[in-house]
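# Understanding the architecture of this molecule
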Amino acid sequence: MRAQFVASEVGNGLRRNLTMTLAVIITVAVSLTLFGVSLLVRAQVDTMKDFWYDKVEVSIFLCAKGSDTPSCAGGAVTPAQRDQIKADLESLRPLVQDIYYESQGEAYARFQEQFANSPIADSVNESALPESFRVKLADPTQYDVVASAFSGRPGIEQVNDQRQVLDKFFRLLGGLQAIALIIAVVMLIVTVLLVVNTMRVAAFSRRRETGIMRLVGASNLYIQLPFLLEAAVSAGIGAILAVGGLILAKGIVIDQILAPSFQFTAFVGWDAVLGIAPILILVGIGLSGIAAFLTLRKYLRV
Amino acid sequence: MILFDTVTKLYPNQTRPALEEASLEIEKGEFVFLVGPSGSGKSTFLRLVLREERPTAGNVWVLGKDLSRLSNWKIPTLRREIGTVFQDFRLLPNKSVFENVAFALEVIGKPKAIINKVVPEVLEVVGLEGKEERRPDELSGGEQQRVAIARAFVNRPKLLIADEPTGNLDPGTSVGIMKLLDRINRLGTTVVMSTHDAQIVDQMRRRVVELENGHVVRDQSRGVYGYAR
């Protein structure tokens, strides 16, 4: 095998078929960028789940003066009710991992802190805020056990699962990821068709050379390798552009724009980008290589 | 060298076979003319030898190999021992004479040192020394065919297949090409040549195999193109 000969054939082929080569590079770049973004969104969802599921808790709000749910008909919670609820929570261990009681005073202080600089802070007085039990579950998915045991009981205004709020957000991200993935798959199909057509044109425009190669006894590998390498090189360039796009997405969109505005949550790290990059390159070169190989088998028969 | 044993070739979607129960043996070192009208099966015969087609029935043996049992990946090895020349030369227009001949060696992986040694040798055999750097469009038809013959012969094949090599050339040039093929034959290469050129066949007085409608209708050593016509 003469590497120099093959390399010059590849270079000639790419130059001679420049528009098609560019088309392959661009579609590969766009489809793989979308594919990479969808993988990145999934990594982001996983990161946020890890980050938040550790912190979420079930809040049991107790009746305060003026609560208007039916279970609060008896007015504010009595000390006896509160002790009973606490005892019942304790009996749910080990599902219940931590129990933290927040009094009206503490609730008021937290409220003032959260809404500092806001006129709302002044409009609320301490007695209007409910006291609550903050319960951390060993397994956050077992929320129903707590909810069914406590909601509707006299003295309890509401049982809240923070996870449900988060799940709505995660579903939104999941939807975005699915859309990106669908577009990516459609684009990848387009890429494959384009590679098939490019190879067909390339095989046709070089039928004289390949015809002579067959006659003088060049092996299939020798005849097909320049074509395969052309497909792989253009797909590889496209994949590298896609990796560049992903680095920009992480470096600018996430680190520069999203992270400063949403400081309360965690974002994917560079390790996710590092994990996705080889997948993109493999998918790009692999898909295009396989498409080229199958096309050539038809058009460059011995 | 070549043995056809009751070979029939029927192309798909055709009712009449291109070759029908044709049997023929060509010995090592022979020079054989394949004559007959268009559509008589000459090209099919040559394509079967090159294993570009497989026979519908019967067996083809080339260079001691049963082609029906030859697996696909061994076909290139077979073709390296067969040189081929066509009516339309089939040169690469953007390569020089030297590069066209060298191409045949490059694509079978021969090292540069060998190429630089054997290509000038074969160009001298075909009488093109001094024209290494010319492009095909700067050459006459006869010279282009000499390049094609050089390319077919550069790997010193045991068998040379020539499909109407003088079909595009004027009579004077054709004589030169025939002398060259005769010289190659005398160097030990078996030559099988299909042709419509009666004058050449009659002059050379070599073995003549005539095909008609896919049948071998005549096989003469030291034959002529045809009977009274």
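Residues numbered from 1 in each chain as written. Chains lettered and ligands numbered in written order. Predicted model: local features only at pLDDT ≥ 70, side-chain atom pairs only at ≥ 80, totals over all residues.

In terms of helices and strands, chain B carries 7 helices and 10 strands. Since a compact globule built from 229 residues should have a radius of gyration of about 17 Å, the 18 Å found for chain B is in line with a globular shape. Buried residues in chain B amount to 42% of all 229 residues. Long-range pairs, those at least 24 residues apart, make up 68% of the contacts in chain B with a sequence separation of at least 6. (Helix = DSSP H or I, 4+ residues; strand = E, 2+ residues; numbered from the N terminus. Rg over C-alpha atoms; globule rule 2.2 N^0.38 Å. Buried ≥ 20, exposed ≤ 12 C-beta atoms within 10 Å, placed from the backbone. Contact = placed C-beta atoms within 7 Å.)

What follows concerns the sheet that holds strand 4 (residues 57-62) of chain B. All names here are of chain B. The 4 strands lie next to each other as 2-1-4-5, forming an open sheet whose pairing is antiparallel. This sheet does not close on itself; its edge strands, each paired only once, are strand 2 (19-26) and strand 5 (65-66). Here strand 1 (residues 2-9) pairs with strand 2 via 5 bridges, running antiparallel. By the bridge assignment, Lys 9 is partnered in strand 2 with Leu 19. Against the sheet, helix 1 (residues 42-49) touches strand 1, strand 2 and strand 4, its axis set at about 120° to strand 1. (Pairing = 2+ DSSP bridges. Axes fitted to C-alpha atoms, helices over the stretch in contact; angles between N-to-C directions.)

Here the focus is the packing of helix 9 (residues 220-261) of chain A against helix 10 (residues 270-299) of chain A. Residues and elements named next belong to chain A. Put simply, helix 9 and helix 10 touch, their axes get as near as 8 Å, and they point 155° apart. In terms of orientation, helix 9 and helix 10 fall into the roughly antiparallel class. Once helix 9 is placed against helix 10, the crossing between them reads as right-handed. Across the contact of helix 9 with helix 10, the residue classes tally to 20 nonpolar, 6 polar and 1 charged. (Parallel < 35°, antiparallel > 145°, perpendicular 65-115°, else oblique. Left-handed = near helix turned anticlockwise from the far one by under 90°. Nonpolar A, V, L, I, M, F, W, Y, C, P; charged D, E, K, R; others polar.)

Turning next to the domain arrangement of chain A. Domain assignment breaks chain A into domain 1 (3-52 + 167-299) and domain 2 (55-162). Put simply, the middle of domain 1 of chain A and the middle of domain 2 of chain A, counted by C-alpha atoms, are 52 Å apart. (Domains from an automatic or database assignment.)

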